[in-house]
Amino acid sequence: MAGHEIPEPADRKRQVAEPTETPLAAEETRHPCDPAFQHGVVVGFDGSTSSERALAYAIGMAHRSGSGLIIVHVANRLPTTVWAGCEPPVFVDVPDHRTEVLGLELACAEYLAEVPWILVERGGDICHELEEVGREYSADAIVVGSTHGLVGRIFGSVAGRLARRAQRPVIVIP
């Protein structure tokens, strides 16, 4: 089955209620995700060599388990202030056309023909967004590539932070 791109799962969209109406229970307003991707495999992907290895592993895992693959690209966010004392930086969303480019590359990839897949774009903290997508799809696992270099040493790797806080198995591919 060829993949297709959807920006966010359907359950992320909320209906706006009339002010005079009584609010519905949270369960009644949620739209279920596509059943093909429930209990699937979430993989963080940004086009790097490390994320390509994670994607290859996640494809095999989804294929062996007969589940769908949820490929997540977290768009860039840039700090608008510098760390000063105890003040955290303020982040601003930057238009990121990389997701479109990645989506086109993935749509043409023959190795993805073996499993049903979707590409989800998010903006924000990578760890939080991967865990959130995993929760929304009741994912069986989250697969990420390891972070190498100076940035990972200073701020901590995404894989390490995710493994410490995730509520589901995290598989780190070197």
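Per-chain numbering applies: the sequence of each chain, read as written, is numbered from 1 onward. Where totals are concerned, whole chains, interfaces and linings use all residues; where local detail is concerned, this predicted model gives features only for residues with pLDDT of at least 70, and gives and counts side-chain atom pairs only at 80 or more. Hydrogens and water are ignored here; the side-chain numbers use all heavy atoms of the structure.

Caption draft 1: Here's a closer look at the nonpolar core. In these notes, a set of buried Ala, Val, Leu, Ile, Met, Phe, Trp, Tyr and Cys residues joined through side-chain atoms within 4.5 Å is what counts as a nonpolar core. Only protein chains enter the area calculation, which uses a 1.4 Å probe; residues under 20% of their type maximum are buried, those over 50% are exposed, and those in between are partly exposed. Val 43, Leu 55, Leu 69, Ile 71, Leu 106, Leu 112 and Val 143 are the most contacted members of the largest nonpolar core, which has 21 residues in total. Elements represented by at least two residues in this core include exactly strand S2 (41–44), helix H2 (49–65), strand S3 (69–75), helix H3 (98–107), strand S6 (117–123) and strand S7 (141–145). For helices the rule is a DSSP run of H or I covering at least 4 residues; for strands it is a run of E covering at least 2, with both sets numbered from the N terminus onward. No other element matches H2, which puts six residues into this core. Apart from the residues lying within four places of it in its own chain, the contact partners of Leu 55 are Val 43, Phe 45, Leu 69, Ile 71, Leu 106 and Tyr 111. Core analysis: the second largest hydrophobic core is formed by 18 residues, Ile 70, Val 72, Ile 118 and Ala 166 among them. Whether two residues touch is decided by their heavy atoms; if any such pair falls within 4.5 Å, the residues are in contact.

Caption draft 2: Main features of the pattern of salt bridges. Every case where a carboxyl oxygen of Asp or Glu lies within 4 Å of a side-chain nitrogen of Lys or Arg is listed as a salt bridge. Per the stated rule, a full pass over the model turns up six salt bridges. One network of salt bridges, with partners in common, ties together Arg 122, Glu 129 and Glu 136.

Caption draft 3: Representation of the environment of Tyr 137 in the model. Assignment of secondary structure puts Tyr 137 in the loop between helix H4 (126–136) and S7. Take Tyr 137: its relative accessible area is 2%, and that puts it in the buried class. Between the C-alpha atoms of Tyr 137 and Gly 40, which are 97 residues apart in sequence, the distance is 7.1 Å.

Caption draft 4: Here's a closer look at the environment of Asp 125. Looking at the element boundaries, Asp 125 is found in the loop between S6 and H4. Given a relative accessible area of 32%, Asp 125 falls into the partly exposed group. Residues Asp 125 and Val 74, 51 residues apart in the sequence, show an inter-C-alpha distance of 7.7 Å.

Caption draft 5: Summary view of the pairing of S3. Taken across its seven residues, S3 has seven buried, putting it largely inside the fold. Of the two faces of S3, the one holding Leu 69, Ile 71, His 73 and Ala 75 and the one holding Ile 70, Val 72 and Val 74 are both buried throughout. For S2 and S3, the ladder comprises four bridges, and the chain directions are parallel. Along S3, the bridge assignment pairs Val 43 with Ile 71. Classification remark: right-handed applies to a crossover when, strands pointing away from the viewer, the course from the first strand over the helix to the second runs clockwise. Handedness of the crossover is the feature at issue here: the chain leaves S2, passes through H2, returns alongside S3, and the resulting connection is right-handed. Pairing between strands requires that DSSP locate at least two bridges from one strand to the other. With seven bridges joining them, S3 and S6 adopt parallel strand pairing. Counterpart to Ala 75 in the pairing with S6 is Gly 123.

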